[in-house]
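As a plain string of letters, each chain reads:
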Amino acid sequence: MSVIIDFSIFPIGTGESVSDHVSRAVKVIKESGLAFKLGPMGTAMEGEWEEVMAVVSRCFEALKKDCPRVYMTIKVDYRKGESGRMEGKIKTVERKS
């Protein structure tokens, strides 16, 4: 089983810039060892459901320590029996366009 998520997490009520807090979440993602791709409005991550959700939880824990409010969105694409789809999906669309 493989899931790809598109995930964003950031604090509300900590000022205009959120990059210090978001970079803490990205550090958690990097340390997970899962495949990921950082984007301007979120991060794509791929792995087994339990692994990916554990990373999401660790990101939340990292921010809630000093953030009075945390906003998060998660989009999930599950596909049975497939892995390594994150790059493949992009290449397929680029090849067809």
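Everything in this summary refers to the structure shown in the same document.

### Quick word on the sheet that holds strand β3 (residues 43-47)
Strand order in the open sheet formed by four strands is β2-β3-β1-β4, and the pairing between neighbours is antiparallel. Two strands in the sheet have a free side with no partner beyond their single neighbour: β2 (35-38) and β4 (70-79). With strand direction ignored, the average angle separating the axes of adjacent strands in the sheet is 15°. Sheet strands touched by helix α1 (residues 19-32): β1 (2-11), β2 and β3. Its angle to β1, the strand with the most contacts, is close to 155°. Sitting on the sheet, helix α2 (residues 49-64) is in contact with β1, β3 and β4, with an inclination near 5° to β1.

### Description of the pairing of β1
Burial runs high along β1: eight of the ten residues are buried. Relative to β4, β1 runs antiparallel, the two sharing ten bridges. Bridged to Ser 2 within β4 is Arg 79. Pairing of β1 with β3, which is carried by five bridges, proceeds in the antiparallel orientation. Considered in β3, the bridge of Ile 4 is made with Glu 46.

Cut-off values and rules
Residues numbered from 1 in each chain as written. Predicted model: local features only at pLDDT ≥ 70, side-chain atom pairs only at ≥ 80, totals over all residues. Heavy atoms only, no water. Pairing = 2+ DSSP bridges. Helix = DSSP H or I, 4+ residues; strand = E, 2+ residues; numbered from the N terminus. Axes fitted to C-alpha atoms, helices over the stretch in contact; angles between N-to-C directions. Contact = heavy atoms within 4.5 Å. Buried < 20%, exposed > 50% of the residue type's maximum accessible area, 1.4 Å probe, protein only.

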